[in-house]
Amino acid sequence: MLFCNSLRPKLTLSATRTFSCLVQSKAFINGNWINASTNETFEVINPANGRIVGSVPNMNVNDAVQAVQAAKNAFEQSEWSKFTAKERSSLLKKWFNLIEKNGNEISEIMSAESGKPINEARGEVAYGNAFIEWFAEEARRIYGDIIPSAAKDREIIVLKQPLGVAALITPWNFPLAMITRKAGAALAAGCTIVIKPAEDTPLTALALVKLAEEAGFPDGVINIVTTNNAAPIGDLFCKSPDVRGISFTGSTEVGKWLFRNSSDGIKRISLELGGNAPFIVFNTANLEKAVDAAIASKFRNCGQTCVSANRFFLQDEIHNKFIDLLKQKVEALKVGDGSKQDVQIGPLINSMQFNKVSSYVEDARSKGGKILFGGRPLEDLGKLFYSPTIISNVPSNAKLYSEEIFGPVVSIVKFKTEEEVIRAANNSRRGLAGYFFSENIQQVFRVARLLEVGMVGVNEGLISAAEAPFGGVKESGIGREGSHHGIDEYVEIKYICMGNLKY
Ligand code: NAP
């Protein structure tokens, strides 16, 4: 069991309140830290070593009903609805400052429950917190319109108003950033929220909420329910008329279910789902840059990133050279327990992920894929470690090719022409991110427009930023997070017609 003192002894957050630790064992509803109504709990496990990191309430649908009710009351009746944009902005800034101040401790919690290397966890805190800062600024810029009317005695006024209660459902791979990207926008817009974090990583989420409490958000504005049985709570979010919007990041399968299941209530739904990103290297590319970008895009978070490069397409003339350079870098990657400073790749999150990665590699091998490096579990390190892997000659009927692997595996296909590779890259039901490397300016503009994805990295492997709109096309999702577009998911547009005016 990881105790607070092993993370950091007594932490003083402000002159007024002292928290001994950010590791919480209760959920937060209507301003109270509470157990599940059944008193059930579940354990959070460190995937690097199987040790228990903490335990949290195993809430059921009755608890979630309380959370939705609290958020509804806070939206309709409490002082929250009277907060000005400036007041909402300043609360978000306080939250941002507290997250920054406690960044080290949050990173340690995140690394322990997700297995993410500690330096990556620090990077996620900075990246995720940038959304709180960004939306603190955007809160003051949710402008409406005054549109010139065709009638002489009318004014057309357009307001943007908060949706109401928003349910935020988040995955384990970015336990902090997936929450801040949603919560920052929702709170800036004036919504109240109920967060349902992933079963594998609830402690980072609870630590964030602890700091939100410290920042001074009114009771009921931010609520969080923890559970290891998500479906009934998801069903409540879909069916309850009190929930006006659902924002979900996770698998395409669950996203589709939420979309279908919430159709009766015609509620706002924003979906950030899985990808199958092509990573194309043309003959004209700067190969050093392309290889560095490949390492960053593929191996961040052990490949468990929705925008990770999934299918590597290498043009014929650079195919062998790129593989040689890539292999040298992959061989040098340090795999191990994420709490160690020099580790670059941690374990996979759980046995389901581990089995998926192993079976996809076996499937590619059996269909003719050639393993150039790795392709095996690293049992000496622990049960969930898998070697960084490079496979070439991956056939198009291999699962690695058509599905998102979500693991540290580079799958390579050779191509001859631009036309051929665009067709292959777009031959997917997914369309989240895509990357390509070329020094030919004509090709750069052409290919950027032709790729059927929501985000394109040109000569760049890491593209996410608070200022940029994140999201996909096709079955990769609906809506955008981050940027000024992120607010749109949480506001309704209201048109007011002022008639019979005399000028
Ligand atoms: P997941 O199984 O869909 O889970 C995501 C979240 O949904 C978790 O909180 C999960 O709870 C919850 N959930 C599962 N079933 C639910 C239901 N019936 N109703 C309501 N909530 C439900 O996905 P995952 O395996 O954790 O995450 C990996 C996937 O997420 C990958 O496909 C990846 O590409 C995608 N992803 C996308 C983005 C993006 O921005 N596009 C970012 C990160 C990840 P439990 O944990 O309790 O099961």
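Keep in mind that this is a model prediction, so the values were computed, not measured.

1. Focus on the UniProt feature "domain: Aldehyde dehydrogenase" (unreviewed entry) in the protein
Here is step 1: Those residues carrying the UniProt feature "domain: Aldehyde dehydrogenase" (unreviewed entry) are residues 33-496 in this numbering.
Here is step 2: Annotated as residues 33-496, this span is 38% helix and 21% strand, and its ends, taken at the C-alpha atoms, are 42 Å apart.

2. Topic: helix 7 (residues 202-215)
Here is step 1: Compared with an ideal rise of 1.5 Å per residue, which puts 14 residues at 20 Å, helix 7 spans 20 Å between its outermost C-alpha atoms and is within 8% of the ideal.
Here is step 2: Buried residues dominate helix 7, accounting for 14 of its 14 residues.
Here is step 3: The first or second residue beyond helix 7 is Gly 216, which carries a positive phi of 105°.

3. Re the side chain of Thr 389
Here is step 1: Along the chain, the position of Thr 389 falls in strand 17 (residues 389-392).
Here is step 2: A relative accessible area of 0% means that Thr 389 is categorised as buried.
Here is step 3: Within the structure, Thr 389 has its side chain in polar contact with the backbone oxygen of Ser 387 (distance 2.7 Å).
Here is step 4: Setting aside chain neighbours within four positions, we find Thr 389 in contact with Phe 373, Gly 374, Gly 375, Arg 376, Pro 408, Val 409 and Val 410.

4. Brief notes about the side chain of Asp 363
Here is step 1: Relative to the helices and strands, Asp 363 is located in helix 12 (residues 351-366).
Here is step 2: Filtering out sequence-adjacent residues up to four positions away, Asp 363 remains in contact with Ala 398 and Lys 399.

5. Side note on the site of the ligand
Here is step 1: In the neighbourhood of the ligand, 29 residues make up the surrounding shell, with Thr 170, Lys 196, Ser 251, Leu 273 and Glu 404 lying closest.
Here is step 2: The side chain of Trp 172 places a nitrogen or oxygen atom 2.9 Å from an oxygen atom of the ligand.
Here is step 3: Contact between the ligand and Gly 250: an oxygen atom at 3.2 Å from a main-chain N or O atom of the residue.
Here is step 4: In isolation the ligand has 910 Å² of accessible area, and contact with the protein removes 87% of it.
Here is step 5: When each cavity is represented as a set of grid points, the ligand is found to reside in the largest pocket.
Here is step 6: Elements that contribute at least two residues to the shell around the ligand include exactly helix 6 (177-189), helix 8 (230-239), strand 12 (243-249) and helix 9 (252-261).

6. Points about the sheet that holds strand 7 (residues 145-147)
Sheets are built from strands that pair by backbone hydrogen bonding, the pairs being arranged parallel or antiparallel.
Here is step 1: Reading across the sheet, the three strands line up as 7-8-24 and stay open at both edges, with antiparallel pairing between neighbours. Single-partner strands in this sheet number two, and they are strand 7 and strand 24 (491-498). Averaged over all adjacent pairs, the angle separating strand axes in this sheet is 25°, with direction ignored.
Here is step 2: In this sheet, strand 8 (residues 155-162) lies alongside strand 7 in antiparallel orientation, the contact comprising three bridges. Paired with Ile 147 across the two strands is Ile 156, which belongs to strand 8.

7. Some details on the nonpolar core
Here is step 1: By size, the foremost hydrophobic cluster in this structure holds 67 residues, and its most contacted members are Phe 279, Ile 280, Val 281, Phe 313, Phe 322 and Leu 326.
Here is step 2: A total of seven residues in this core trace back to one element, the largest contributor, which is helix 10 (residues 287-299).
Here is step 3: In this structure, Phe 313 is in contact with Pro 278, Phe 279, Ile 280, Val 281, Tyr 401, Val 413, Phe 415, Val 421, Ala 424 and Ala 425, ignoring residues within four places of it in sequence.

8. Thoughts on the packing of aromatic side chains
Here is step 1: Summed over the entire model, instances satisfying the criterion amount to 13 aromatic pairs.
Here is step 2: Residues Phe 279 and Phe 312 carry aromatic rings whose centres are separated by 4.7 Å and whose planes lie at 35° to one another, so their mutual orientation is tilted. Remark: Phe 312 occurs in strand 15 (residues 309-315) and Phe 279 occurs in strand 14 (residues 277-281); sequence separation between them is 33 residues. Judged on exposure class, the residue Phe 279 and its partner Phe 312 are both buried.
Here is step 3: Chaining the aromatic ring pairs together yields one cluster made of Trp 80, Phe 83, Trp 95 and Phe 217.
Here is step 4: Its guanidinium or amino end placed over the ring of Phe 174, Lys 116 lies 4.0 Å from that ring's centre, counting from NZ or CZ.
Here is step 5: Positioned above the aromatic ring of Tyr 401 is the side chain of Arg 311, whose terminal nitrogen or guanidinium carbon lies 5.7 Å from the ring centre.

9. Re the packing of helix 5 (residues 118-138) against helix 6
Two packed helices can be described by the angle between their axes and the distance between those axes.
Here is step 1: At a minimum axis distance of 8 Å, the contact between helix 5 and helix 6 shows a crossing angle of 5°. Here helix 6 runs roughly parallel to helix 5, going by the angle between their axes. Residue-level inspection shows Glu 124, Tyr 127, Gly 128, Asn 129, Phe 131, Ile 132 and Phe 135 of helix 5 in contact with helix 6, the latter providing Ala 177, Thr 180, Arg 181, Gly 184, Ala 185 and Ala 188.
Here is step 2: Residues that form the contact of helix 5 with helix 6 fall into these classes: seven nonpolar, four polar and two charged.

10. Some details on the sheet that holds strand 15
Here is step 1: Strand order in the open sheet made by the seven strands is 16-17-18-15-14-20-21, with mixed pairing throughout. Both outer strands of the open sheet, strand 16 (370-373) and strand 21 (455-458), are each paired with one neighbouring strand and no more. On average, each strand axis in the sheet is inclined to that of its neighbour by 25°, with strand direction left out of account.
Here is step 2: Sheet analysis places strand 15 next to strand 18 (residues 409-415), joined by four bridges and oriented parallel. By the bridge assignment, Phe 313 is partnered in strand 18 with Val 413.
Here is step 3: Helix-sheet contacts for helix 11 (residues 319-331) involve strand 14, strand 15, strand 16, strand 17 and strand 18, and the interaxial angle to strand 15 is about 140°.
Here is step 4: Against the sheet, helix 14 (residues 418-426) touches strand 14, strand 15 and strand 18, its axis set at about 170° to strand 15.

What counts, and where the lines are drawn
Residues numbered from 1 in each chain as written. Predicted model: local features only at pLDDT ≥ 70, side-chain atom pairs only at ≥ 80, totals over all residues. Heavy atoms only, no water. UniProt positions renumbered as here; feature names shortened; annotations may be inferred. Helix = DSSP H or I, 4+ residues; strand = E, 2+ residues; numbered from the N terminus. Expected span 1.5 Å × (residues − 1). Buried < 20%, exposed > 50% of the residue type's maximum accessible area, 1.4 Å probe, protein only. Polar contact = N/O pair within 3.5 Å; in protein donor to acceptor, adjacent residues only side chain to side chain. Contact = heavy atoms within 4.5 Å. Near = heavy atom within 4 Å. Areas by Shrake-Rupley, 256 points an atom, 1.4 Å probe, with all protein chains shown as cover. 1 Å grid on protein atoms, 1.4 Å probe; cavity = no way out; pocket = protein on both sides within 12 Å on 5 of 7 lines; lining within 4 Å. Sits in = over half its atoms within 2 Å of the grid points. Pairing = 2+ DSSP bridges. Axes fitted to C-alpha atoms, helices over the stretch in contact; angles between N-to-C directions. Core = buried A, V, L, I, M, F, W, Y, C linked by side-chain atoms within 4.5 Å. Phe/Tyr/Trp six-rings, centres within 6.5 Å; stacked < 30°, edge-to-face > 60°. Lys NZ or Arg CZ within 6 Å of the ring centre and 35° of its normal. Parallel < 35°, antiparallel > 145°, perpendicular 65-115°, else oblique. Nonpolar A, V, L, I, M, F, W, Y, C, P; charged D, E, K, R; others polar.

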